[in-house]
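# Examination of the molecular architecture
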Amino acid sequence: MKSVLLVPLAGPMQSWGTRSRFQIRDTEREPSKSGVIGLLCAALGRDRTSSLDDLSALRMGVRVDQEGRLSKDFQTASNVAVASDGPNQNLISERFYLSDSIFLVGLEGEDPAFLGRLHAALANPVWTLFLGRKSYVPSIPLYLPDGLRVHRSLESAFAEYPLLAQERPDQVRLVIEVEE
């Protein structure tokens, strides 16, 4: 029987980029699996060269409890060396982020002991946890005391767990990974 680890992701700013290149830094409308795996690696204290096979094998879903809004800011970097032999340049980058979004991420797997280790790491992370960028800190802990749901599916864990948003929407959006 499968088990699920629930992780709340809430903050004034979040960014879950998947296609960023050069001066344009994108964000998805919900957390990316690679971003969540990065959070778990930071919590566990895993080295960048470590295998991610155990984490990427988990089935991930996101319950969007509060959509928030898509925002953009501009950042300027001065005197940046460029690939050509020309003079250094000042570069402006566009950075997209989500404002005031609240998500409940679920990670489903076969091994409740492994999910328990992840749960414990979120309670006492080795490295600081961020919501996509170093300056985007969570507004609530990423640890839920009752976040480990043994013998539950991802869908049933989402249905059973109370909404995290202060505003109670009539509907919530679910994004759930499928094998196809």
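Residues numbered from 1 in each chain as written. Predicted model: local features only at pLDDT ≥ 70, side-chain atom pairs only at ≥ 80, totals over all residues. Heavy atoms only, no water.

## So, the pattern of salt bridges
All chains considered together, the criterion is met by 10 salt bridges. Linking Arg173 and Glu67 is a salt bridge whose minimum nitrogen-to-oxygen distance equals 2.9 Å. With Arg173 in strand β7 (residues 173–176) and Glu67 in the loop between β3 (59–66) and β4 (69–80), this residue pair connects regions lying 106 residues apart in the sequence. Residue class for Glu67 comes out partly exposed when judged on its relative accessible area of 32%. One salt-bridge network, held together by shared partners, links Glu30, Glu67 and Arg173. (Salt bridge = Lys/Arg side-chain N within 4 Å of Asp/Glu carboxyl O. Helix = DSSP H or I, 4+ residues; strand = E, 2+ residues; numbered from the N terminus. Buried < 20%, exposed > 50% of the residue type's maximum accessible area, 1.4 Å probe, protein only.)

## Quick notes on the nonpolar core
Burial of nonpolar side chains together is a common tendency in soluble globular proteins. Counting residues in hydrophobic clusters, the biggest one holds 30 residues, and the most contacted among them are Leu9, Leu55, Val105, Leu118 and Leu122. Among the elements of the structure, β1 (3–14), α1 (33–44), β3, β5 (89–109) and α3 (112–123) are those that each provide at least two residues to this core. Counting residues per element, this core draws most heavily on α1, at 7 residues. Among all residues touching Leu55, those that are not within four sequence positions of it are Lys33, Ile37, Leu40, Cys41, Arg46, Phe114 and Leu118. Leu6, Leu144, Leu154 and Ala157 belong to the second-largest nonpolar core, a separate cluster that totals 8 residues. (Core = buried A, V, L, I, M, F, W, Y, C linked by side-chain atoms within 4.5 Å. Contact = heavy atoms within 4.5 Å.)

## Quick word on the pairing of β5
Two strands pair when backbone bridges link them, and β1 and β5 are joined in this way by 11 bridges, in the antiparallel orientation. Bridging across to β5, Pro8 finds its partner in Leu104. The sheet contact formed by β3 and β5 spans 7 bridges and is antiparallel. Bridged to Met60 within β5 is Leu107. Bridging between β4 and β5 involves 10 bridges; their strand directions are antiparallel. Among the inter-strand pairings, Thr76 is bridged to a residue of β5, identified as Ile92. (Pairing = 2+ DSSP bridges.)

## Observations regarding α3
Between the first and last C-alpha of α3 there are 16 Å, a value that for 12 residues agrees with the 16 Å anticipated at 1.5 Å per step. Within the span of α3, buried status applies to Phe114, Leu115, Leu118, His119, Ala121 and Leu122. Buried residues along α3 cover an arc of 160° about the axis, so they all sit on one side. At its buried positions, α3 is contacted by β1, α1, α2 (53–56), β5 and β6 (148–149). Capping of α3 at its N-terminal end is provided by Asp111; its side-chain oxygen lies 3.0 Å from the backbone amide nitrogen of Ala113. (Expected span 1.5 Å × (residues − 1). Arc of directions from axis to C-beta. Polar contact = N/O pair within 3.5 Å; in protein donor to acceptor, adjacent residues only side chain to side chain.)

## A word on unusual backbone geometry
Positive phi values are uncommon outside glycine, yet Asp100 reaches one of about 60°. Looking at Asp100, the relative accessible area reads 38%, which means it is partly exposed. Even without being glycine, His151 reaches a positive phi, approximately 60°.

## Considering the packing of α1 against α3
Contact geometry for α1 and α3: axes closest at 8 Å, N-to-C directions at 75°. Comparing the axis directions of α1 and α3 gives the class roughly perpendicular. When α1 is examined against α3, the residues Leu40, Ala43 and Leu44 are found in contact with a partner set consisting of Arg117, Leu118, Ala121 and Leu122. Considering only residue class, the contact of α1 with α3 consists of 6 nonpolar, no polar and 1 charged. (Axes fitted to C-alpha atoms, helices over the stretch in contact; angles between N-to-C directions. Parallel < 35°, antiparallel > 145°, perpendicular 65-115°, else oblique. Nonpolar A, V, L, I, M, F, W, Y, C, P; charged D, E, K, R; others polar.)

## So, the layout of surface pockets
Empty space among the atoms becomes apparent when a probe as large as a water molecule is rolled across them. Its boundaries defined by the atoms lining it, the largest pocket holds a volume of some 740 Å³. Surrounding the largest pocket, 21 residues form its lining, Gly38, Leu39, Ala42, Arg48 and Gly132 being those nearest its centre. (1 Å grid on protein atoms, 1.4 Å probe; cavity = no way out; pocket = protein on both sides within 12 Å on 5 of 7 lines; lining within 4 Å. Points joined across faces, edges and corners; volume = space filled by probe spheres on them.)

## Some words on empty space enclosed by the protein
In total, this model carries 1 cavity of 30 Å³ or more according to the counting rule given. Empty space within the largest cavity amounts to approximately 40 Å³. Along the walls of the largest cavity sit Val7, Leu9, Val36, Leu39, Leu40, Leu122 and Leu142, which together make up its complete lining. Looking at the lining of the largest cavity, the elements with two or more residues in it are β1 and α1. No other element matches the 3 residues that α1 contributes to the lining of the largest cavity. Class assignment of the residues belonging to the lining of the largest cavity gives a composition of 7 nonpolar, no polar and no charged.

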